[in-house]
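A closer look at the structure
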2 protein chains.
Amino acid sequence: MVDGERLWKRLSELAEIGKREEGGVARFSFTPEERAAKNLVASYMEEANLAVREDAAGNLSGRREGRDPDAPAVLIGSHVDSVSNGGDFDGPLGVLGGIEVLQTIDEEGVQTDRPVEVVAFTDEEGARFSLGMIGSRALTGMLSREDLRHEDRDGVPIEQAMRDAGLDPEKVGDAARSPASLAAYLELHIEQGKVLEGEGLPVGVVTGIAGPVWLRLSFSGEAGHAGTTPMGSRRDALAAAAEVMGIVEEEAASTGSTVGTVGQIEVRPGGINIIPGGVELSLDLRDIDEAVRDRAEGRIRERAEEACGRRGIGLSFGELQRLPPAPCSEEIRASIAAACEREGIRPYALPSGAGHDGMHVAELCPMGMIFVRSKDGISHNPKEWSSREDCETGCKILYLTVLDLAGQT
Amino acid sequence: MVDGERLWKRLSELAEIGKREEGGVARFSFTPEERAAKNLVASYMEEANLAVREDAAGNLSGRREGRDPDAPAVLIGSHVDSVSNGGDFDGPLGVLGGIEVLQTIDEEGVQTDRPVEVVAFTDEEGARFSLGMIGSRALTGMLSREDLRHEDRDGVPIEQAMRDAGLDPEKVGDAARSPASLAAYLELHIEQGKVLEGEGLPVGVVTGIAGPVWLRLSFSGEAGHAGTTPMGSRRDALAAAAEVMGIVEEEAASTGSTVGTVGQIEVRPGGINIIPGGVELSLDLRDIDEAVRDRAEGRIRERAEEACGRRGIGLSFGELQRLPPAPCSEEIRASIAAACEREGIRPYALPSGAGHDGMHVAELCPMGMIFVRSKDGISHNPKEWSSREDCETGCKILYLTVLDLAGQT
C-alpha cells in the first residue's frame, strides 16, 4: 500500500526545480521553473497511467476512470508553485501524494466506482501577483477579468503572463467545473504549525480552513517634542496603537480559537525624540467559525474606539480582505478518521489557519484535508521539513480515504 | 527699555538666511548659510558697539566691558543654526535678544560692574552631524577629538567641515573658558511646548533642563504563520513590545514629571500574515530630577523583563545617550522671577524638556533660562511662532535680569 520510497524520490526530484543558489526554491506561476515542475509532474502522471491534460487556467490534471465514467469524480489536489524562498513540501506533497495514490491503485489493479483525478493547481501561493489560488478560483468559474489584471513587480499582469505561457486569458472560463462533475475534494498538506508535533502524531484530520479578515488601522494623534510635552497633554498615536494591540491579543485569546496578529506597523514622523503623530498597523484575524471571528472583530473595534476616544486619537479601519471560513465535510472527516484508526493512529482534529485551494473547491463539492506533521512548525522557508515516514503515513491515509470515497462495489 | 521693533526686524532679517523654497529654514553648521547668519549677527553686534570675536570652535561673541574688566562676565547665549526644516525663533530669539539687551544698555549709557557678553554658539541642534551643542561643549573644554569624527550624511567629519570653514580643529581647545571668567549664563528661548500658552503667560522661569536617557530595546521572539499558530503557542515580539509601551506610559505618568516616549519602532519580518519575530524600539526618558528619572527607568526595565520572561521573549537594552539634568541656579531663578514681578507678570516656574547649550555651560557657572510662549507648542517646524509682543516681553525680562546679575554700583 503506497510506495513511500518512490514518493520521497519524487519529492526530492521536484525540489531540484527552481532551487536557488542561496537556498530555498522559487517557482512562480507562468515561469520556466513552474513549467519545468509541471512537465516533471506530467511525466509522473504518465508513469501512473493517468490521462493527462492541462486546462485553460494551466491546471495540470491526471485522471483514472472509474467503473462509471459519468459518475462525479473524487478530486485530489494541491500545487507546485512556491513562495520566493520556499521549502520542498508545501504543495508538492499533495500533488505527488495524489499521484502515488493513483499509481498504487493502478499497480494493485483496483477498480473504483468513481473516477479519481489528481490536479496541480496554478499559483496557489500568490507570491508573484499577490493574488493566490488562481487555478482553484478558475475551477469554480469565479476567476474574473478584473482578477487577471493583478500585476507582478515588473508590471506584468496575469493575463499577459498567461499569454506568454501559451494560455489564452479569454478562455479562462473553460477551466470551470460543474458541481455535478465532482463528488469530493481531498488535499494532503503539511500542517505549517506545531500542533501535531506537540501531540506526537504524524497526521491530523482538518476540521476546516479559517477565513481571514485583513484590516488596516490608522491612528491619528499629534506629533510633538518628546521633551516638552507632559504625559497628560499628549495625543500619542503609538501609545494608543500599543493599547489596541493588547486588546487584539486579549480578545483573540479569549475565544479559544480565533487568532489575531499585528504583523506590520509604521510610525510617523519616526524621530527618536518626537511623539508619534500617526500610526498604521495591519490586523489579520482568523477563525474556522465565522461568527466567533466576527464577534471578536466587533469587540476589538468597539474597545479600540473607546481607547482612542479616551486618548483623543482618531481611528479608522480599512478592509483589505474578508473571506468566509470553509468547513470540511463531516463525511470526509469521518472517512479520514476511520483511515487513521485502521492505521493505528489516534484521529486528531485540528483547524487549518492557513488558506488552501480547498477554500474555493469547497464551493463545488464536499472538501476534506489531511495534515502531515511539520518539524518545528516551520513553513515558507527552506527549513520546512516533514519526515519520509510521516509523508508516507499521510499518503497511506489519503489512499484509504480515496478508496472509501471513490467506492469499490 | 529694549526696542521690540528692532528685535522683531532683526528676527525677520535673520529668517531670510537659509530660507527653503518649500518653506522653513535650513542653516547647518559650517555651511555658507550659517556663515551668512553669523556675518549678519556680527553686524548687529557692531551696531551695538560690542567687541566682536570668533573663537576656535566658531562661537561668535560680542562683549561689552564692565567697570571691572577682570570681573567674571555675565554671558548671554543661544544659537543661529537650525534643524532641516526649522522655524524663525528657536535660537535666533536668544542671540538677537541678547544683542538687543546690550544695545539698549549701550544706548542708555548704563555702566555695569561686570562685563556682559552675548554668544552665538556653533551647532546647537546637531542636525548635520547628529552631535549637538558643539560650541557649548567647546566652551567647557569637553569637545574631544573623538567628537570631531562624527560625520554628516555625505561622510564629512566635523574636523573636515571646520577646516573647510577656515577653522583649525587642532586648536578647538582654545575655545575653552575658565569657570573664573564667568559669573552667570542666561538664555532666552521659546518654550517649544504649550505650558505657558495654557497658563496664559508670555514668559516663564525655567527650573532646569531635563536630562535625556536614550535607549534601544530589542525584542526577540519567534516568527510564525499568523494562521497556523494558536495564541497560546506564540512568542510574538510585537505583542511583548506593545505591553512594554504600556508600561513606559504608565511609569512615566506616575512620577508626575518624567516624560517617556517611544518614537521609533521596527518589526521583522513585517508580513501582514506573519507573527513578528523581532522588534526594535527607541525609548526617550527625561526628567529634571535625575533620581526620579532613573527610578522610572529602573521600574520600566524590571517590568519589561518580567513581561518578556513571561512571554518567552528575549529582551536587551542598548544605551544611546545618558545626560544628567542641569538644574537652573536658584539665585538666577529668583532674579528672573523678580524681573517678571516688576513687569506685572506672575512668575511661573517650568522645566525645559528640550536640551539647550546651558546644559554644558552650567558646568562652568550658574545657569538660568527664560522661556517665551510658543503658539500651539510647535517647534522645529516652519509653523513655530511667538508673537512680537511676547518676544519683546521676554527680552525685557532678560534685560532686567542681566542688569541685576551684572551689577550697577
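Sequence order as written defines residue numbering, which begins from 1 separately in each chain. A letter from A marks each chain and a number from 1 marks each ligand, given out in the order of writing. Two thresholds apply to this predicted model, a pLDDT of at least 70 for residue-level local features and 80 or more for giving and counting side-chain atom pairs, whereas whole-chain, interface and lining totals are computed over all residues. Hydrogens and waters are ignored; side-chain quantities use all the structure's heavy atoms.

Structural notes on the domain arrangement of chain A
All names here are of chain A.
- What fixes the domain bounds is an automatic or database domain assignment. One can read the domain layout of chain A as domain 1 (4–210 + 325–406) and domain 2 (211–322).
- Placing a centre on the C-alpha atoms of domain 1 and another on those of domain 2 gives a separation of 36 Å.
- With eleven residues of domain 1 in contact, the opposing surface of domain 2 contributes eight residues.
- Throughout, buried area stands for the accessible area (probe radius 1.4 Å) lost by two parts on being put together, summed over both. For the domain 1 and domain 2 pair, buried surface summed over both sides reaches about 550 Å², with 69% attributable to carbon and sulfur atoms.
- The largest per-residue losses of area from domain 1 upon contact with domain 2 belong to Ala210, Pro325 and Gly353, which jointly make up 72% of the total buried on that side.
- Salt bridge, as used here, is a side-chain nitrogen of Lys or Arg placed within 4 Å of a carboxyl oxygen of Asp or Glu. Seen at the junction of domain 1 and domain 2, the total is zero salt bridges.
- We define a polar contact as two N or O atoms separated by no more than 3.5 Å, with the added condition that, inside protein, one atom must be a possible hydrogen donor and the other a possible acceptor, whereas residues neighbouring each other in sequence contribute only through side-chain atom pairs. Remark: the boundary between domain 1 and domain 2 carries one residue pair in polar contact (both at pLDDT 80 or more).
- Elements are defined by DSSP. Helices are runs of H or I of four residues or more, strands are runs of E of two residues or more, and each kind is numbered from the N terminus. Those elements that provide at least two residues to the side of domain 1 that touches domain 2 are β6 (203–209) and β15 (349–352). Contacts are assigned to residue pairs with any non-hydrogen atoms lying within 4.5 Å of each other.

So, the pattern of salt bridges
Residues and elements named next belong to chain A.
- Within the structure shown, the criterion is met by 80 salt bridges over all chains.
- In this structure, the salt-bridge partner of Glu16 is Lys19, at a minimum N-O distance of 3.1 Å.
- Overlapping salt bridges bring together Glu290, Arg293, Asp294, Glu297, Arg301, Glu319 and Arg322 as one network.

A short note on the interface of chain A and chain B
- Taken together, the contacts link 46 residues of chain A with 46 residues of chain B.
- Contact with chain B buries surface across chain A, with Thr228, Met231 and Ile272 of chain A losing the most and accounting together for 19% of the total.
- Taken together, chain A and chain B are joined by four salt bridges.
- With a shortest N-O distance of 3.2 Å, Glu222 of chain B and Lys194 of chain A are connected by a salt bridge.
- Viewed at the interface, chain B and chain A are joined by twelve residue pairs in polar contact (both at pLDDT 80 or more).
- At the level of elements, β7 (211–220), α7 (237–255), β9 (259–261), β10 (265–268), β11 (274–275) and β12 (278–287) of chain A are the ones that each hand at least two residues to the side of chain A that touches chain B.
- When residues in the side of chain A that touches chain B are grouped by element, the largest group, seven residues, is from α7 of chain A.

What about helix α11 (residues 388–406) of chain B?
- Here, expected helix span is obtained from the residue count minus one, scaled by 1.5 Å. Counted at 1.5 Å a residue, the expected span for α11 of chain B with its 19 residues is 27 Å, and the 27 Å between its end C-alpha atoms agrees.
- Within α11 of chain B, 15 of the 19 residues are buried, which leaves it mostly tucked inside the rest of the structure. Each residue's exposure class comes from its accessible area (1.4 Å probe, protein chains only) as a fraction of the maximum for that residue type: buried when under 20%, exposed when over 50%, partly exposed otherwise.

Considering the side chain of His189 of chain B
All names here are of chain B.
- Along the chain, the position of His189 falls in strand β5 (residues 182–190).
- In this structure the side chain of His189 is engaged in a polar contact, spanning 2.8 Å, whose partner is the side chain of Asp90.
- Sequence-distant contacts of His189, defined by excluding residues within four places in its chain, comprise Ser78, His79, Asp90, Gly91, Leu93, His356, Met369, Ile370, Phe371 and Val372.

Structural notes on the packing of helix α2 (residues 32–47) of chain B against helix α3 (residues 92–107) of chain B
Residues and elements named next belong to chain B.
- For the pair α2 and α3, the least separation of the axes is 9 Å and the interaxial angle reads 15 degrees. Considering their axes alone, α2 and α3 lie roughly parallel with respect to each other. With respect to the hand of their crossing, α2 and α3 are arranged in left-handed fashion. Here Val41, Tyr44, Met45 and Glu47 of α2 lie close against α3, whose contacting residues are Val95, Leu96, Ile99 and Gln103.
- Each residue belonging to the contact of α2 with α3 can be placed in one class, and the counts come to six nonpolar, one polar and one charged. Here, axes are lines fitted to C-alpha atoms. For helices the fit covers the stretch in contact, and angles between N-to-C directions go from 0 to 180 degrees. In what follows, roughly perpendicular refers to angles from 65 to 115 degrees, roughly parallel to angles under 35, roughly antiparallel to angles over 145, and oblique to any angle outside these ranges. For any helix crossing, the convention is left-handed if the near helix is rotated counterclockwise from the far helix by under a right angle, and right-handed if that rotation is clockwise. Throughout this entry, Asp, Glu, Lys and Arg are counted as charged residues, while Ala, Val, Leu, Ile, Met, Phe, Trp, Tyr, Cys and Pro are counted as nonpolar. The remaining residues, Gly among them, count as polar.

Let's talk about the relation of the copies chain A and chain B
- We place the copies in one frame by least squares, fitting the C-alpha atoms of every residue whose pLDDT is at least 70 in both. Under the fitted operation, chain A is carried onto chain B by 0.1 Å of movement along the axis and a turn of 179 degrees, and the coordinates agree to an RMSD of 0.2 Å. Taken together, the turn and the small shift mark the pair as related by a two-fold rotation axis. Residue Ala242 of chain A, judged by its C-alpha, is the member of chain A lying nearest the rotation axis, at 2.2 Å.
- When you check the interface residues of chain A against chain B, 100% turn up at the interface there too, and the contact is symmetric in its surfaces.

Remarks on the nonpolar core
- To form a nonpolar core, buried Ala, Val, Leu, Ile, Met, Phe, Trp, Tyr and Cys residues must be joined to one another through side-chain atoms within 4.5 Å. Val41 and Ile99 of chain B are the most contacted members of the largest nonpolar core, which totals 74 residues.
- The leading source of residues in this core is α11 of chain B, at ten residues.
- Grouped together as the second largest cluster of nonpolar side chains are 73 residues, Ala120, Cys328, Ile336 and Ile345 of chain A included.

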